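Commentary on secondary and tertiary structure
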Amino acid sequence: MSAAPPAGAAPGGRSTAARTTPPRSAARRTEAPAGSRSTVAARQRGRRHRYLPPQHGAWAMLLIPYVTAVCVTGLRWPHLPLLGAWLAGYLFSYYALLAVKTGRTDRVRSQLLLYGAAAALLVVPVLLARPAVLGYAPLYALLAAVNVGYARWRRERALLNDFASVAQSVLMVFVVATVAGVPPTGLAGVAGAVGAYLVGMVLYVKTMIRERESVGYRWASGAYHVAALLVAVAAGWGPAVAGVFALLLLRAALLPGRRLAPVRVGVIELVGSLLLFAAVVWHWA
């Protein structure tokens, strides 16, 4: 009769302690030193996200109306501080809305001071050169109030809130025209084309990410893009602009339902925005 294995021994003569203790190499792999590359990269990302919002799509919404309008009107020197004030104002508003949502102003005080001061300083030369720009302040205040309300309700992803942000961006087309000394009505077509694209982008991106399971959103996005194409043709925005809206309609009809990574969705939108920019400038410049 064979003797039973001693306590703590495993079948085959190996102790359970030896089996459960990880090898030294594995222990070294699981203990990441404080100065390791992954730790340093994480700290750098944390510092970057502390002062730069992780919302890459917002930059396209900010820059497309401004750059397109400047290319159509021609560059004037006040356009440069205007761009700085526009970007700093967005960054200020992002952290201000975050403070409204969380009720923790102390956590973003440094960002508010930095971007608020930058926006205030940069907008001064614009106002001195073109005081008429102040006429847009009530509209921006009204649209910002919509953003504040949705942030307070913690519903900043609501569709109406997104449309309020689109309206703020499209309004920049007219601000650029005013700074250039061009009648804002002369850029109504530019604003219409850019606005039609941005509204469609909001709907389409929702069908690809947050509302990808919603059949209603897919139908709404598809119907909107059909209407946008018809408007582009009827309004006489030119064959190039109409062709871009036809491509946007195809992506809105064919891509929802496909499990594309957000980065791929972003790349497709980047291409679409560049095509729209080129088509609008080609037609109106």
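Residues numbered from 1 in each chain as written. Predicted model: local features only at pLDDT ≥ 70, side-chain atom pairs only at ≥ 80, totals over all residues. Heavy atoms only, no water.

1. Notes on the packing of aromatic side chains
Using the following cut-off: The aromatic pairing rule takes the rings of Phe, Tyr and Trp, using the six-membered ring of Trp, and pairs them if the centres are within 6.5 Å, calling planes under 30 degrees apart stacked, those over 60 edge-to-face and the rest tilted. We call a residue buried when its accessible area falls under 20% of the maximum for its residue type, exposed when it is over 50%, and partly exposed in between, using a 1.4 Å probe and counting protein chains only.
In the structure shown here, the tally under the stated rule is 6 aromatic pairs. The interplanar angle of 85 degrees and the centroid separation of 5.0 Å between the aromatic rings of Tyr-94 and Tyr-95 together place this pair among those described as edge-to-face. As far as burial versus exposure is concerned, Tyr-94 and Tyr-95 are alike and both buried. Judged by centre distance (6.2 Å) and plane angle (40 degrees), the rings of Trp-237 and Phe-245 are tilted.

2. A closer look at helix 7 (residues 137-152)
In plain terms, the rule: Here a helix means four or more residues in a row that DSSP labels H or I, a strand means two or more in a row labelled E, and each is numbered from the N terminus. To estimate how far a helix should reach, multiply one less than its number of residues by 1.5 Å. Contacts are assigned to residue pairs with any non-hydrogen atoms lying within 4.5 Å of each other.
End to end, helix 7 covers 22 Å across 16 residues, agreeing with the expected 22 Å (1.5 Å per residue, within 8%). When we look at burial in helix 7, the residues that qualify are Tyr-140, Leu-143, Asn-147, Gly-149, Tyr-150 and Ala-151. Turning to helix 7, the residues buried within the fold contact helix 5 (79-102) and helix 8 (159-180). Positive phi appears at Arg-154, one or two residues downstream of helix 7, with a value of about 60 degrees.

3. A few points about the nonpolar core
The criterion, for reference: As used in this record, nonpolar core signifies buried Ala, Val, Leu, Ile, Met, Phe, Trp, Tyr and Cys residues forming a set joined through side-chain atoms within 4.5 Å.
Leu-82, Met-172, Val-175, Tyr-197, Leu-198 and Phe-245 are the most contacted members of the largest nonpolar core, which totals 57 residues. Contributing elements (two or more residues each) for this core: helix 4 (56-73), helix 5, helix 6 (109-129), helix 8, helix 9 (188-208), helix 10 (215-234), helix 11 (239-254) and helix 12 (262-284). With sequence-adjacent residues up to four places away left out, Tyr-197 is seen in contact with Ile-64, Phe-245, Leu-248, Arg-251, Glu-269, Gly-272, Ser-273 and Leu-276. One finds Tyr-204, Met-208, Ala-252 and Val-265 within the second-largest nonpolar core, a separate group that totals 6 residues.

4. A word on the side chain of Arg-251
Selection rule: By the criterion applied in these results, polar contacts are pairs of N or O atoms within 3.5 Å in which, for protein atoms, one can donate a hydrogen and the other can accept it, and in which residues neighboring in sequence qualify only through two side-chain atoms.
Summarising the element assignment, Arg-251 is placed in helix 11. Only 2.8 Å separates the side chain of Arg-251 from the side chain of Glu-269, close enough to count as a polar contact. Not counting residues within four places of it along the chain, the set of residues in contact with Arg-251 comprises Tyr-197, Met-201, Tyr-204, His-225, Pro-256 and Glu-269.

5. Points about the packing of helix 9 against helix 10
Going by this rule: The axes used here are C-alpha line fits, helices contributing only the stretch in contact, and every angle between their N-to-C directions lies in the interval 0 to 180 degrees. Reported orientations rely on four angle classes, namely roughly parallel under 35 degrees, roughly antiparallel over 145, roughly perpendicular from 65 to 115, and oblique for the rest. For any helix crossing, the convention is left-handed if the near helix is rotated counterclockwise from the far helix by under a right angle, and right-handed if that rotation is clockwise.
Following both chains from N to C, one finds helix 9 and helix 10 inclined at 155 degrees, their axes separated by 9 Å at the closest point. As the angle between them shows, helix 9 and helix 10 are arranged roughly antiparallel. In terms of crossing hand, the pair formed by helix 9 and helix 10 is left-handed. Residues Gly-195, Ala-196, Val-199, Gly-200, Leu-203, Tyr-204, Lys-206 and Thr-207 of helix 9 lie in contact with helix 10, whose contacting residues are Tyr-217, Arg-218, Ala-220, Ser-221, Tyr-224 and His-225.

6. Here's the deal with the confidence of the model for the protein chain
Basically, it comes down to this: Residue-level confidence of the predictor is what pLDDT reports, using numbers from 0 through 100.
For the protein chain, per-residue confidence averages 87 on the pLDDT scale, and 83% of positions sit at 70 or higher. Within the model, pLDDT remains below 50 along residues 1-32, and this stretch shows 10 contacts once partners closer than five positions in the same chain are excluded.

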